[in-house]
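Close look at the chain arrangement
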Amino acid sequence: MEEIAREIGNELANGYWFLVGVSLVFFMNAGFAMLEAGFTRAKNTANILMKNLMDFGLGTICFLLIGYTIMMSAKHNGFIGVPDLSVFLDWGEFDYSDFIFNLVFCATAATIVSGGMAERTKFSAYCLYSIAITAFVYPVEAGWVWNGEGWLAVRGFTDFAGSAAIHMVGGISAFIGAAFLGPRLGKYVKDEKTGKKKARAIPGHSLTLGALGMFILWFGWYGFNGAAAGDPSELGAIFVTTTIAAAVGAVSTMLYTWIKNGNPDVSMSLNGALAGLVGITAGCAYLDAFGAAIVGLVAGVLVVVAVEVIDLKIHVDDPVGAVAVHGVNGVWGALAVGLFATYAPTDATGAGLFYGGGASLLGIQALGVVTIAGWTILTIGLVFFAIKKLHGLRVSEADEIMGLDFTEHGMESSSYADFLPAASAVPVSATAPAPVSPEVAVPVTDVSTGKKLTKVTIITKESRFEALDAAFARIGITGITVTNVLGYGLQRGARTYRGVAVDAQLLPKIQIDVVVSKVPVRTLIDTVKQVLYTGNIGDGKIFVSDVENVIKVRTGEEGYDALQDSEPGEE
């Protein structure tokens, strides 16, 4: 009885973990949303979030109605299953756990494409794509791999958690979608010297969101790879290989970009961790620590090379690196099983090439990669071609410039509402004082003295304002005007973003305007120089210009006398 109870307990525990793993994979949707939002511009954040939501919403409906039975039907002819409505007609015998397990993976394949097509896709067109991939494209090829009757499965093709069946499919779909769309406005420009097309960096608005998304995805990947583990020992091994590949991938990318570009690239290193995770997904249960480390090492370099080739050579605009992370490393992960599998995953093959099993496993892995890729290229290519011709795929130039949050969803700065200009929320009439005539306010007199007036404009870092303000008080400056501005100086072209030189990175500065007459201009200039000087780029600049006249509106005073009190912007 004790052994029976133990077996029942183990079965129940395994069932619980299976569904916990499914929940972790579902939570990865939050990671994709945060990563994609962070790597794109703020004006498109709500659009990114909505696409990720609809990938799962529409995906659930499509997978429920047709996709699941195409993929996992018992009536599978090796190529495709026979669709039925067993979930509605035979609820008591329906395999609930298997359905929800396969659903979350299907939605993942769909949502990978969102980032690659970000910032210029019609939302309605994206919904049509999402329906197509979850209802038909993904279920057919996934059935080849994971349905016991699938033609690749019976030949020994091994993809434990989906490097090829999920990630490669999503990456290829992202590439095709981005190619059909064309690049974002201003992404590629003609080089005046060479006449060739060159890439411009369009940095994302929040590395913080990008990093949060990456860590959520890494966390969810323990469920992604581990949900189907057969026993606790295998689950532990999967956790270890998954961690090794991700960590080595991140470090590999950091070192490679550091050596190549002179600085460790943050956004690329985030991609490097994800590349390692994608790479280990196919073989997480079959590779040892050494194999996992090699997968991560190669993936970390491969993702950088692929991003730069796609962007700089092929000129396909992928804002988040979805093609390189998922597509290229999905291929690498599937082939790595044929190289580093420590034992034969199925009776139809041997171990990996480097573990004494010969080339049989590598051969079937290559066959699977080629056929799944071919299916995806054919079907997704037709899907995007039809959408573009019959419905339209891309928003207008005006809509893209304004941002998809507003033009596609009618939400002005919806993701960062607290940063809306106050003037847009407060009616002018609510704060404007009642006007009075000059005669009632103060008698107007002309007291112009003819003394020279000079305007001094200082552009510098916001962090230097308090020191400047204190120095102004010491020399008798009683009024200034401060404006937040954006600009660039000598840093132009000195840095890179994802391997592309940043040729016009606008940096936040403050502009301080002072008009002086009584205080000597040289005294003011020397004071500012003394406060701001560090010897480094970015100390600031001082502009000096003559002022023809100053008129104080309230009193009518002009020139020198108009400056002799402490109203804002005046001495």
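Nothing here was measured: the structure is a model prediction, and the numbers come from that model. (Residues numbered from 1 in each chain as written. Predicted model: local features only at pLDDT ≥ 70, side-chain atom pairs only at ≥ 80, totals over all residues. Heavy atoms only, no water.)

**Some details on unusual backbone geometry**
With a phi close to 80 degrees, glutamate 119 is a non-glycine residue in the positive phi region. As for its position among the elements, glutamate 119 is in the loop between α4 (96-116) and α5 (123-146). Looking at glutamate 119, the relative accessible area reads 1%, which means it is buried. In this structure, histidine 315 is a non-glycine residue whose phi angle is positive, near 65 degrees. The topology assignment puts histidine 315 in the loop between α10 (289-314) and α11 (322-340). (Helix = DSSP H or I, 4+ residues; strand = E, 2+ residues; numbered from the N terminus. Buried < 20%, exposed > 50% of the residue type's maximum accessible area, 1.4 Å probe, protein only.)

**As for α4**
With 21 residues, α4 extends 32 Å from end C-alpha to end C-alpha; this agrees with the ideal 30 Å at 1.5 Å per step. Across the 21 residues of α4, 18 count as buried, placing the element largely inside the fold. (Expected span 1.5 Å × (residues − 1).)

**Quick word on the pairing of strand β3 (residues 453-460)**
When you tally the buried positions in β3, you get six out of eight residues, the bulk of the element. Pairing of β3 with strand β8 (residues 541-547) involves seven bridges; the strand directions are antiparallel. Each residue of the ladder has a partner; that of valine 456, found in β8, is valine 544. Summarising the sheet, β3 and strand β7 (residues 507-516) pair through seven bridges and their orientation is antiparallel. Bridge pairing in β7 places threonine 454 opposite valine 516. (Pairing = 2+ DSSP bridges.)

**Here we look at the packing of helix α9 (residues 266-281) against α11**
Remark: α9 packs on α11, axes separated minimally by 8 Å, with the N-to-C direction vectors making an angle of 40 degrees. As far as their axial angle goes, α11 and α9 are oblique. Here α9 runs over α11; the crossing is right-handed. Between α9 and α11, the residues in contact are Asn271, Leu274, Ala275, Val278 and Gly279 and Val325, His326, Asn329, Gly330 and Gly333, respectively. (Axes fitted to C-alpha atoms, helices over the stretch in contact; angles between N-to-C directions. Parallel < 35°, antiparallel > 145°, perpendicular 65-115°, else oblique. Left-handed = near helix turned anticlockwise from the far one by under 90°. Contact = heavy atoms within 4.5 Å.)

**Comments concerning helix α16 (residues 465-475)**
Looking at α16, one finds that the buried residues are Leu468, Ala471 and Phe472. The arc that holds the buried residues of α16, viewed along the axis, is 105 degrees, so those residues lie on one side. Along α16, exposed side chains directed more than 90 degrees from the buried face belong to Glu466, Ala473 and Arg474. Backbone geometry just after α16 places glycine 476 at a positive phi near 95 degrees. (Arc of directions from axis to C-beta.)

**Focus: the sheet that holds β7**
If you trace the four strands from one edge of the open sheet to the other, you get β4-β7-β3-β8, paired in antiparallel fashion. Looking along the sheet, the strands with just one partner apiece sit at the ends: β4 (481-487) and β8. The sheet shows a mean angle of 25 degrees between the axes of neighbouring strands, direction not considered. Packed on one face of the sheet, α16 meets β3, β4 and β7 and runs near 10 degrees to β7.

Worth remembering: the numbers are spatial, not functional.
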